[in-house]
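Given next are the chains, with one letter for each unit.
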Amino acid sequence: MRVLLLCLLTLLCSSAARANRVTGTVRDEKGNVLPYSSILIKGTTRGVTAGGDGRYSIELSPGEHTIVCQYVGYGRQEKKVQVGRADIVVDFRLSPQQLSMAEVVVRPGGEDPAYAIIRHAIKKRRDYETPLDSFTCEAYIKTLMRTRSLPKRILGQKIDEADKKDMGVDSAGKGIIFLSESLTKVAFKRPDKVKLEVLSGRQSGNNGFGFSVPTFINFYANNVSVLGDQLSPRGFVSPIADAALNYYRYKFLGSYFEEGKEINEIEVIPRRKFEPLFSGKIDIIEGEWRIHSLDLRLVKESQLEILDTLEIRQIHAPVAAPGATAGAGIWMVKSQVIYFAVKLFGFDAVGNFLNVYNNYDVAPQFRKRFFNNVLIRYDTAGNRKTRAYWDSIRPLPLEPDEKVNYTIRDSIYQYNRDSMGTKKNRDSLLKKQGPVKLSEVLYTGFNRSDFRQPRPLRYSMAGLLPDASYNTVEGISMKLDATISKRLKGEGGDLSFSPHFRYGFHNTHFNAWGQLVLNRRSLTREGDELSSSRQTWSLAGGQRVVQFNPDNPISPLVNTVYTLFARRNYMKIYESRFAELSSATRFDNGMRLNVNALYEDRLPLDNTTGYSVIRYKDRLFTPNYPVEKLPAQFTRHQAVVTTIGFQYQPGQRFIEYPNRKVSIGSKYPTFSVTYTKGWDGVLGSDVNFDKWKFSVWDDLNFKLRGQLRYLFSVGGFMNTNSVYIQDYQHFNGNQTLLASEYLNSFQLAPYYANSTTARFYATGHLEHHFNGFLTNKLPLFRRLNWHLVGGANAFYVNPGNHYEEMFWGLENIFKVLRVDVVTSWLNGAYYQTGLRVGFGGLLGDGFRRQR
């Protein structure tokens with residue numbers, strides 16, 4: 001009986017003390033919903049955000065509360081409610097902000113009052129940029145993307161009804177294609193220590209964490225970064241930046257009062273088009289000169305990339321409760337919504353990023369070594385939270401179609417996961433995958449799997465025709481490259497084998513070699529600390545055709561075109577019977593160690609054909625060896641060469657997932673050093689040399705003034721007792737119209753004329769991407785959004801062997817191309833001027849990296 005009474009008493013107490021739910025809808029005077037309105041509980045730092053359909057929901061303890069509703073551009077509204085045991089409904093109808101202009105007198109020719117307000121805000125900008133020495137808060141992040149239409153094909157691949165079903169859209173191509181939400185704890189300590197702990201994350205249709213990084217947009221910074229550098233590497237000028245008056249015009253729209261504070265509403269107008277500038281409204285508190293709220297917009301004329309439009313709405317609020325001493329008078333962003341729209345390649349979509357910040361702690365105590373090299377850490381159970389958990393922490397209700405999307409796509413994902421190992425599912429996947437087609441073998445290549453869980457066998461092959469080439473040694477050359485891979489049991493890692501076959505139809509040489517690769521990842525967790533390292537072992541051997549310069553300065557395709565149509569056989573190759581063992585290790589601190597041991601039996605190859613489509617009377621093919629350095633073909637010899645290399649970037653930051661760590665770079669440059677030894681007499685080796693190389697490179701973003709990239713190297717030979725042409729220090733030249741690798745080559749230099757065995761050499765590559773700076777002042781170029789690029793390349797060996805070149809060009813041409821005019825000097829005398837065409841720009845940079 002006592003137990004029963006105790007249980008009843010506990011039940012009654014918990015019922016009396018439980019939080020009750022207050023729900024409602026936020027609309028304007030005409031009944032239109034006001035999406036993502038801010039709902040605050042007066043006298044606290046608690047709050048939620050209404051959903052896209054205007055509905056909100058918040059749990060409150062019994063008693064009297066004052067609920068405050070805000071929406072940018074509308075008058076704030078307060079309602080007192082008495083919360084009892086039952087849930088209650090509290091709706092809001094907001095009216096457009098009534099602005100007062102009664103005390104403002106603007107004389108003809110006089111300055112608009114907005115300028116004085118903005119000057120005050122600029123003076124206070126630094127005080128508000130980082131107002132706290134340290135703080136923590138929780139950020140709820142919801143990301144939504146809907147399609148309005150889809151193209152019939154993407155990159156040549158047809159989108160059929162099955163594809164649309166997998167994407168979650170209807171037959172018209174409309175629907176939610178991405179939906180995620182997460183809860184992230186943010187920690188900050190001056191001057192620049194930041195740590196994000198992703199407590200939970202969920203993505204519709206899979207078990208990922210979704211988009212879980214808060215999109216901090218700080219308008220107190222001079223240069224505002226919006227969703228990273230991809231949308232605009234230059235960033236955007238804040239309306240209250242130190243130099244904002246040079247970029248913006250302002251118009252005072254009026255003022256209104258909230259909580260006894262006068263708030264000035266100001267229209268922000270760019271002075272010039274095609275500058276990285278916002279337009280819209282910003283509200284500034286009189287006397288305090290801080291941001292109260294804002295609604296700012298970016299469009300294509302703002303130098304916005306990828307997206308067509310982007311709108312940012314923020315509401316700022318005090319972070320300390322009334323009467324609290326810590327954080328008193330400090331305001332931070334309470335809620336932020338980013339709306340975007342994009343039309344690209346027939347793909348039409350809209351979406352938003354919603355951030356709601358709660359539970360600010362303005363005097364946190366951090367444990368020792370809390371701030372380390374991990375910037376973002378994901379909780380090991382963060383993607384396994386229940387539906388009840390999400391309903392309890394979500395600061396806004398889901399919209400009806402969002403609920404449907406989660407229900408359907410999560411059910412499909414769970415069904416596929418549960419049936420993954422069944423014969424029925426495997427048969428279905430094999431049927432959908434289909435047999436290998438002749439077109440895939442000849443042109444597109446293919447990737448296949450046997451779908452045997454939990455470690456399926458995967459195999460792939462590159463298309464034959466794209467890899468076909470022509471040169472003066474082999475004539476027509478055909479290649480077959482394939483890969484077979486499988487994950488091993490336990491911690492064995494991933495094992496792959498790649499066979500390579502090559503046949504020259506004119507010299508009738510058949511070459512075959514294979515490569516066995518083992519990738520392993522080592523994870524060690526001690527408490528909250530995760531140590532991660534990766535190691536790759538590679539064993540290769542057989543017979544292959546390689547270029548004299550192992551950096552492969554000219555591609556087979558480009559050499560084919562120049563051989564057949566310009567009668568220039570630039571590519572020089574030899575045959576290598578080889579065995580190679582290599583290891584690549586990436587340690588937990590980001591340091592990389594590469595070790596390589598190579599045995600080669602090097603065989604000379606001579607030209608066997610002189611055919612070209614176009615013949616020139618004064619142009620003959622050159623022999624198949626670097627004629628600039630060798631008087632005759634090299635003699636067959638053997639070589640045993642070992643190389644060890646270190647690479648390190650100080651200050652690297654990492655993202656720590658539950659099962660791996662990923663480097664996200666550093667503000668410092670990367671350093672590398674390599675040492676190569678040729679071993680005389682080992683396995684009959686004929687080489688005997690020692691050489692070294694030290695390099696440093698970085699990518700510096702100067703925001704409005706562009707990006708600077710550089711690569712500098714020094715090196716040389718310490719021993720040259722026996723060095724063959726394959727082991728020389730080669731400088732990557734280029735004698736074709738198509739640009740070679742921009743930051744590691746010399747666009748007009750010959751391929752082998754300057755190769756050396758000198759005791760010392762130095763190389764330098766420097767290029768500046770203006771990213772719209774300067775060209776946005778030119779009427780035509782600013783509309784085309786073509787960007788200026790310039791720089792220089794040089795190497796120095798001695799007074800009789802040095803080379804310099806300078807270039808100016810345009811990139812982002814049709815988002816893909818880059819064209820440079822290059823002028824060069826060889827050994828102090830003018831050499832030549834030429835044109836180079838390559839990939840560069842928003843999409844072109846990605847294409848170039850994939851080559």
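Residues numbered from 1 in each chain as written. Predicted model: local features only at pLDDT ≥ 70, side-chain atom pairs only at ≥ 80, totals over all residues. Heavy atoms only, no water.

## Quick look at the overall build of the protein chain
- Each helix and strand in the protein chain was counted, giving ten helices and 43 strands.
- The C-alpha extent of the protein chain, read off along each of the three principal axes, is 95 × 85 × 55 Å.
- Scored against the burial criterion, the 851 residues of the protein chain give a buried share of 48%.
- Here the contacts in the protein chain between residues at least 6 apart in sequence split such that 62% fall between residues at least 24 apart.
- For the protein chain, the exposed area adds up to about 41700 Å²; of that, 57% sits on carbon and sulfur atoms.
- Once the 111 positive and 82 negative side-chain charges of the protein chain are each reduced to a mean point, those two points are 3 Å apart. (Helix = DSSP H or I, 4+ residues; strand = E, 2+ residues; numbered from the N terminus. Buried < 20%, exposed > 50% of the residue type's maximum accessible area, 1.4 Å probe, protein only. Contact = heavy atoms within 4.5 Å. Areas by Shrake-Rupley, 256 points an atom, 1.4 Å probe, with all protein chains shown as cover. Lys, Arg positive; Asp, Glu negative; His and termini not counted. Charge placed at Lys NZ, Arg CZ, Asp CG, Glu CD.)

## Quick word on the pattern of salt bridges
- On inspection of all chains with the given rule, the structure shows 45 salt bridges.
- Notably, a salt bridge pairs Lys261 with Glu288, separated by 2.5 Å at the nearest N-O pair. Of the two residues, Lys261 is situated in strand 17 (residues 261-270) and Glu288 in the loop between strand 18 (279-285) and strand 19 (291-299); the sequence distance between them amounts to 27 residues.
- Its relative accessible area of 28% is what places Lys261 among the partly exposed residues. (Salt bridge = Lys/Arg side-chain N within 4 Å of Asp/Glu carboxyl O.)

## Let's talk about the layout of surface pockets
- In this structure, the second largest pocket occupies an estimated 910 Å³ of space.
- Lining of the second largest pocket is provided by 25 residues; of these, Asp166, Ile412, Tyr413, Asn416 and Lys432 occupy positions nearest its centre.
- Mapped by element, the contributors of at least two residues to the lining of the second largest pocket are helix 3 (161-167), helix 5 (400-418) and helix 6 (423-433).
- No other element matches the ten residues that helix 5 contributes to the lining of the second largest pocket.
- When grouped by side-chain class, the residues that make up the lining of the second largest pocket number nine nonpolar, nine polar and seven charged. (1 Å grid on protein atoms, 1.4 Å probe; cavity = no way out; pocket = protein on both sides within 12 Å on 5 of 7 lines; lining within 4 Å. Points joined across faces, edges and corners; volume = space filled by probe spheres on them. Nonpolar A, V, L, I, M, F, W, Y, C, P; charged D, E, K, R; others polar.)

## Quick word on the environment of Thr608
- Here Thr608 is to be found in the loop between strand 32 (592-603) and strand 33 (637-648).
- What makes Thr608 partly exposed here is its relative accessible area of 34%.
- With residues up to four places along the chain from it excluded, the contact list for Thr608 reads Thr472, Val473, Glu474, His506 and Asn507.
- A distance of 2.6 Å separates the side chain of Thr608 from the backbone oxygen of Val473, its partner in a polar contact. (Polar contact = N/O pair within 3.5 Å; in protein donor to acceptor, adjacent residues only side chain to side chain.)

## Here we look at the side chain of Glu265
- Residue placement: Glu265 occurs in strand 17.
- Not counting the four nearest positions on each side in its chain, Glu265 is found in contact with Leu99, Lys251, Phe252, Leu253, Gly254, Tyr256, Lys281, Ile282 and Asp283.

## A closer look at the pairing of strand 5 (residues 63-70)
- For strand 5, a buried count of six out of eight residues is recorded, marking the element as mostly surrounded by other parts of the structure.
- As defined by bridge partners, strand 2 (residues 38-41) adjoins strand 5 across four bridges and the pair is classed as antiparallel. Paired with Ile39 across the strands is Cys69, a residue of strand 5.
- Inspection of the sheet shows strand 5 paired to strand 6 (residues 77-83) by seven bridges, in the antiparallel sense. Paired with Ile67 across the two strands is Lys79, which belongs to strand 6.
- Linkage of strand 5 to strand 6, two consecutive antiparallel strands, is achieved through a turn of six residues, within which Gly73 is found at a positive phi near 95°. (Pairing = 2+ DSSP bridges.)

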